[in-house]
Amino acid sequence: MVVAKFAGNKKINVEAEGFTINVDLPKNNGGDATAPNPFVLMLSSLLACSAYHLLFFVEKLGLNREDFHMELIPELDANGDMQKALIKIFVPDTFPKEREASLIGSVSACKVGKHLKAQRTIEIVRK
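Observations concerning the overall build of the chain
(1) Moving on: The helix and strand inventory of the chain stands at three helices and five strands.
(2) Moving on: The order of helices and strands in the chain, counted from the N terminus, is β-β-β-α-β-β-α-α.
(3) Moving on: Oriented by its inertia axes, the alpha-carbon framework of the chain measures out at about 50 × 40 × 30 Å.
(4) Moving on: Residue burial in the chain is summarised as follows: out of 127 residues, 20% are buried.
(5) Moving on: Pairs at least 24 residues apart make up 29% of the contacts formed inside the chain by residues separated by at least 6 positions.
(6) Moving on: Carbon together with sulfur atoms contributes 55% to the accessible area of the chain, which is approximately 9,700 Å² in total.

This is the structure in structure tokens:
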């Protein structure tokens, strides 16, 4: 279970698995910009999940993790809705081309990405 509690102005503290995740809105939305906003957390979650799959792949091959990194660039429409997430994987020049498809396949196994792609039902009930 994940719980959200209001923490002053537009701040929200989300409690999940014994951790507190601070969330805030940008100043132009009335927040204090003291923490990431929910959309940034979603993008961060997608990239972190993808990065773990990259890490597992790199470790499996016995490669140096410091030689790899990733970036996520969201492509937004005029309403600010994400139409596409471009995830760039930076590999060393020595990384074999024949391993590229398995690298991409490994990163694509990210559960967060799979959930973002799928149509889901979100049920909201009053308690």
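Picking up after the structure, the text goes on.
Observations regarding the pattern of salt bridges
Opposite charge on two side chains permits pairing when their charged atoms draw close.
(1) Moving on: Counted according to the given criterion, the structure contains three salt bridges.
(2) Moving on: Note that E15 is salt-bridged to K5, the shortest N-O span being 3.7 Å. Taken together, the residues E15 in strand β2 (residues 12–16) and K5 in strand β1 (residues 2–6) connect sequence positions ten residues apart.
(3) Moving on: Residues R65 and E59 are paired through a salt bridge, measuring 3.0 Å at the closest nitrogen-oxygen approach.

The rules behind the values
- In every chain, residue numbers begin from 1 and rise along the written sequence.
- The model is predicted, so local features are restricted to residues of pLDDT at least 70 and side-chain atom pairs to those at 80 or more, both for listing and for counting; the totals for chains, interfaces and linings are taken over all residues.
- No hydrogens and no water enter the side-chain calculation; it runs on all heavy atoms of the structure.
- Numbering of helices and strands runs from the N terminus; a helix is a DSSP stretch of H or I covering at least four residues, while a strand is a stretch of E covering at least two.
- Burial classes: relative accessible area under 20% of the type maximum marks a residue as buried, over 50% as exposed, and values in between as partly exposed (1.4 Å probe, protein chains only).
- Contacts are residue-level and defined by heavy atoms, with any inter-residue pair within 4.5 Å sufficient.
- In short, Shrake-Rupley with a 1.4 Å probe defines the accessible areas, and a residue's cover is counted only from the protein chains shown.
- Salt bridges are defined by distance alone: a side-chain nitrogen of Lys or Arg within 4 Å of a carboxyl oxygen of Asp or Glu.

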